Amino acid sequence: MDGTTLIYGAVTLVLAVILSCYTVLVLLSPALVVPHEQDKKYRSRNTPNPTPLPSIHADPEVDLTVVVPAFNETQRMPTMLKSTLAYLASAASPAKTHEVLIVDDGSRDDTSDLAMTFAKENPGHEIRVVTLHRNLGKGGAVRHGMMHGRGKRLLMVDADGASRFEDVNLLWDAMDKFAEDASIAIGSRAHLVKTEAVVKRSVVRNVLMYGLHTILRVVGVGHIRDTQCGFKLFSRRAAQLIFPYQHLCTWIFDVEVLLLAKQLRVPVAEVPIEWHEVSGSKLNVLTDSLQMLRDLLILRANLVFGRWVAPPATTKQQIQ
Ligand SMILES: Nc1nc2c(ncn2[C@@H]2O[C@H](COP(=O)(O)OP(=O)(O)OP(=O)(O)O)[C@@H](O)[C@H]2O)c(=O)[nH]1
Ligand SMILES: *[C@@H]1O[C@H](CO)[C@@H](O)[C@H](O)[C@H]1NC(C)=O
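The rules behind the values
- Residues numbered from 1 in each chain as written.
- Chains lettered and ligands numbered in written order.
- Predicted model: local features only at pLDDT ≥ 70, side-chain atom pairs only at ≥ 80, totals over all residues.
- Heavy atoms only, no water.
- Helix = DSSP H or I, 4+ residues; strand = E, 2+ residues; numbered from the N terminus.
- Rg over C-alpha atoms; globule rule 2.2 N^0.38 Å.
- Buried < 20%, exposed > 50% of the residue type's maximum accessible area, 1.4 Å probe, protein only.
- Contact = heavy atoms within 4.5 Å.
- Areas by Shrake-Rupley, 256 points an atom, 1.4 Å probe, with all protein chains shown as cover.
- Lys, Arg positive; Asp, Glu negative; His and termini not counted.
- Charge placed at Lys NZ, Arg CZ, Asp CG, Glu CD.
- Pairing = 2+ DSSP bridges.
- Right-handed = clockwise from strand over helix to strand, strands pointing away.
- Near = heavy atom within 4 Å.
- Polar contact = N/O pair within 3.5 Å; in protein donor to acceptor, adjacent residues only side chain to side chain.
- Nonpolar A, V, L, I, M, F, W, Y, C, P; charged D, E, K, R; others polar.
- Axes fitted to C-alpha atoms, helices over the stretch in contact; angles between N-to-C directions.
- Parallel < 35°, antiparallel > 145°, perpendicular 65-115°, else oblique.

### Here's the deal with the overall build of the protein
Then comes step 1: The secondary structure content of the protein amounts to 10 helices and nine strands.
Then comes step 2: A compact globule built from 320 residues would reach a C-alpha radius of gyration of about 20 Å, and the protein, at 21 Å, matches this within 12%.
Then comes step 3: Taken along its principal axes, the extent of the C-alpha atoms in the protein is 85 × 45 × 45 Å.
Then comes step 4: Taken over 320 residues, the protein has a buried fraction of 50%.
Then comes step 5: Contacts in the protein between residues at least 24 apart in sequence constitute 83% of all its contacts with a sequence separation of at least 6.
Then comes step 6: When the accessible surface of the protein is totalled, it reaches about 15700 Å², and 60% of it is carbon and sulfur.
Then comes step 7: Taken together, the 35 basic and 32 acidic charged side chains of the protein have centroids lying 2 Å from each other.

Structural data, given as structure tokens:
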């Protein structure tokens, strides 16, 4: 064998490896979720029969949409909804008009019924309930809510009440400071790392948290101190640019959303907020960590190969 044959052999091998990696990546990568017919409709106090949802690409109709992803949340959601509605009705709320969009993520308990009861018992609020036909994962539920909100700004909030709803003011003010149409303000728990709230968490959870942060730096969101906080505010323009192109429906969707923001040069303000751990977390430390690792790899690889990109703000492409 002469040198040339050797080089040809090596090049072929490298190409074959890259091609197989790419094929595996394509096979592992989830496609954009296409909503089921049932998912495109909502119910509310005034419209007890399923009614078509509006699109994020339509003009805004209220100041704020509160998107609540909810999976089996009959236990924890009532407290959260009560305090949220009370604050939205108070003079302190930064939004004069609002809607609450509860996205039942294919729950197997009475989450949708509970949400409808709230809608009927609180006539002063527009509460919309979407019941996804199957469980998509938190990222899928949040994306769906964001794709169908009517707010000039859209806030995602966990149903467990771990955040204080009042802190929406902090995010709101941070967003006001941006001159850009498209901007994001996210809650951060990074300042709590040395406090009781975190120390009380199990050692395993903390070790995993530090591990996750190291990987996040590699993935490209090292500039964000807390990617996973369930309290994030998007301007309507930011939501229009980002959510149509979010692929991941699992826990890592936050990272994908923040990477899309970075790619589109949408500014992100990180705002320290209050947080208290609420029992009843459905996070399984081992399986969910492995799943997160897999999704981070898939995310990173799709970025490397340029497969998952959002078109720049100037193009008028729309995915519903
Ligand atoms: N576990 C889970 N939560 C979902 C799903 N879809 C939507 N969610 C909602 O996502 C939010 C966060 O889920 P949690 O189970 O509270 O997550 P957690 O482990 O408590 O997260 P931390 O608050 O960071 O401890 C809640 O509002 C859930 O109802 C899903 O498929 N699984
Ligand atoms: C959701 O609730 C149903 C009914 O209570 C239960 O059977 C199911 O195991 C729950 N699922 C999860 C993932 O907690």
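### What to know about the pairing of strand β8 (residues 231-235)
Then comes step 1: Most of β8 sits inside the fold, with five of its five residues counted as buried.
Then comes step 2: Here β8 shows no split at all, with F231, L233 and S235 on one side and K232 and F234 on the other all buried.
Then comes step 3: Examined bridge by bridge, strand β6 (residues 151-157) and β8 share five bridges and lie antiparallel to one another. Following the sheet pairing, M156 is matched in β8 by K232.
Then comes step 4: Examined bridge by bridge, strand β7 (residues 184-188) and β8 share three bridges and lie antiparallel to one another. What sits directly across from A185, in β8, is L233.

### Regarding the pairing of strand β5 (residues 126-131)
Then comes step 1: Where burial is concerned, most of β5 is hidden: five out of the six residues are buried.
Then comes step 2: For strand β4 (residues 98-104) and β5, the ladder comprises six bridges, and the chain directions are parallel. In the sheet register, E99 faces β5, and the bridge partner there is E126.
Then comes step 3: Handedness of the crossover is the feature at issue here: the chain leaves β4, passes through helix α3 (residues 111-121), returns alongside β5, and the resulting connection is right-handed.

### Side note on the site of ligand 1
Then comes step 1: The local shell around ligand 1 holds 20 residues, among which P69, E73, D105, A159 and S281 are the closest.
Then comes step 2: The separation between an oxygen atom of ligand 1 and a polar main-chain atom of P69 is 2.8 Å.
Then comes step 3: At 3.4 Å, a backbone N or O of K138 approaches a nitrogen atom of ligand 1.
Then comes step 4: For the shell around ligand 1, a count of residues per class yields seven nonpolar, three polar and 10 charged.

### Section: the packing of helix α7 (residues 203-219) against helix α10 (residues 285-304)
Then comes step 1: One can describe the packing of α7 onto α10 by two numbers: an axis separation of 11 Å at closest approach and a directional angle of 0 degrees. In terms of axis orientation, α7 runs roughly parallel to α10. Contacts from V204, R205, L208, L212, I215, L216, V218 and V219 in α7 reach V285, S289, L293, L296 and R300 in α10.
Then comes step 2: Of the residues in the contact of α7 with α10, the class split is 10 nonpolar, one polar and two charged.

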